[in-house]
Every structure is written in structure tokens, then in C-alpha cells.
Amino acid sequence: MRPTRRRTWVLLGSAAAVAALVVPVGVHVAGSGGAAGSEGSGTRAPSPEPAGSECRTTVEGSLVIAYCHNPYPSLDHVRLHTECTRWWDVDGDGAAVVVEPGRTVRLQDRCWKEVATAWVTHSATPDAV
């Protein structure tokens, strides 16, 4: 009877060792999204598709030029905003321009004297820009 008890203890000990090694791996996989949904609903929210144009803005004296390229399959509406340094110089908010997929547009504005800052805003719809 003695060899049977020893085998039983060895089997129980090896099962406990395997469980001690496997359970943390399973918990890690479940916590990192490997399991179906972390909210308990069984589904995950889809990640949004990338969208928007990439714009490069340059300022040369009183002239602002921005090139915006849209590499994504959705439309993007861009608008150039220019803030002038002088208090009497009128700041400019350009009209929204549609950038179609795979296209590049040029936006341009100027101040009478120096440009303080210039930036481009993006929107999926022209009203929200």
C-alpha cells in the first residue's frame, strides 16, 4: 500500500504545480483582452477607423501656407486659422475646404505685418469646423 500513497501524493503535487503555473497565465490572457470582452457582454466595441488629414504649416513673414494630405478613405474638412501679432491686424479664419481621400490641398492666409500663430482644424462635417 505504501507505493500507492506515494504515487497519489506525487500526482497531487504535480497537479498543484501545473495549476500554479497555468492559472496566472490564464488570468493574464483574460485581463489583456484575450477573452471575449472585459465588460461581461461578450462583445468588444469596435475601434474607430483612422481619419483626418496630415497638415504641414509654414510661416514666411506675413504669409501662412498649409498643405493638408488625406491618406484615409473618408472625407476631411480643414480650416486654416491665422492669428496676427499686431492688435489692429485682423485675425483670419478661413473657409472649410474638403480634402478628398488621397488628395492634397493648399490653404493660404496672410497678415498685414507679422504672424503670431497659425493652425489647422479638422472635422468630418463642414458645420463642426
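A count of helical and extended segments in the protein chain gives one helix and seven strands. Burial status across the protein chain gives 21% buried among its 129 residues. If you take every contact in the protein chain between residues at least 6 apart in sequence, the share linking residues at least 24 apart comes to 62%. Element-wise, carbon and sulfur atoms account for 59% of the exposed surface of the protein chain, whose accessible area totals about 9600 Å².

Attention now moves to a nonpolar patch on the surface. The grouping of Trp 87, Trp 88 and Trp 112 at the surface amounts to a nonpolar patch, some 550 Å² of accessible area in total. Turning to its location among the elements, Trp 87 is positioned in the loop between β3 (76–84) and β4 (92–93).

The next thing to look at is the side chain of Asp 76. Inspection of the secondary structure assignment puts Asp 76 in strand β3. It is Arg 79 that comes nearest to the buried, bridge-free Asp 76 among opposite-charge side chains, at 11 Å. A distance of 2.9 Å separates polar atoms of two side chains, one belonging to Asp 76 and the other to His 122. Apart from the residues lying within four places of it in its own chain, the contact partners of Asp 76 are Gly 52, Ser 53, Asn 70, Val 97, Val 98, Val 99, His 122 and Ser 123.

It is worth spelling out the pairing of strand β2 (residues 63–69) at this point. In terms of burial, β2 is a largely internal element, five of the seven residues being buried. For strand β1 (residues 54–60) and β2, the ladder comprises seven bridges, and the chain directions are antiparallel. Counted as the bridge partner of Glu 60 is Leu 63 from β2. Here β1 hands over to β2 after two residues, with Gly 61 in that stretch at a positive phi of 65°. Alignment of β2 against strand β6 (residues 104–110), held across seven bridges, turns out to be antiparallel. If you follow Val 64 over to β6, its bridge partner there is Asp 109.

To continue, consider the pairing of β3. The buried count for β3 comes to eight of nine residues, which makes it a mostly enclosed element. Sheet topology note: the β3/strand β5 (residues 97–99) ladder contains three bridges and is antiparallel. Of the residues in β5, the one forming a bridge with Val 78 is Val 97. Pairing of β3 with β4, which is carried by two bridges, proceeds in the antiparallel orientation. Paired with His 81 across the bridge in β4 is Asp 93.

What counts, and at which threshold
Residues numbered from 1 in each chain as written. Predicted model: local features only at pLDDT ≥ 70, side-chain atom pairs only at ≥ 80, totals over all residues. Heavy atoms only, no water. Helix = DSSP H or I, 4+ residues; strand = E, 2+ residues; numbered from the N terminus. Buried < 20%, exposed > 50% of the residue type's maximum accessible area, 1.4 Å probe, protein only. Contact = heavy atoms within 4.5 Å. Areas by Shrake-Rupley, 256 points an atom, 1.4 Å probe, with all protein chains shown as cover. Patch = residues over 30% accessible without salt bridge, like charges linked within 9 Å, V, L, I, M, F, W, Y side chains within 5 Å. Salt bridge = Lys/Arg side-chain N within 4 Å of Asp/Glu carboxyl O. Lys, Arg positive; Asp, Glu negative; His and termini not counted. Polar contact = N/O pair within 3.5 Å; in protein donor to acceptor, adjacent residues only side chain to side chain. Pairing = 2+ DSSP bridges.

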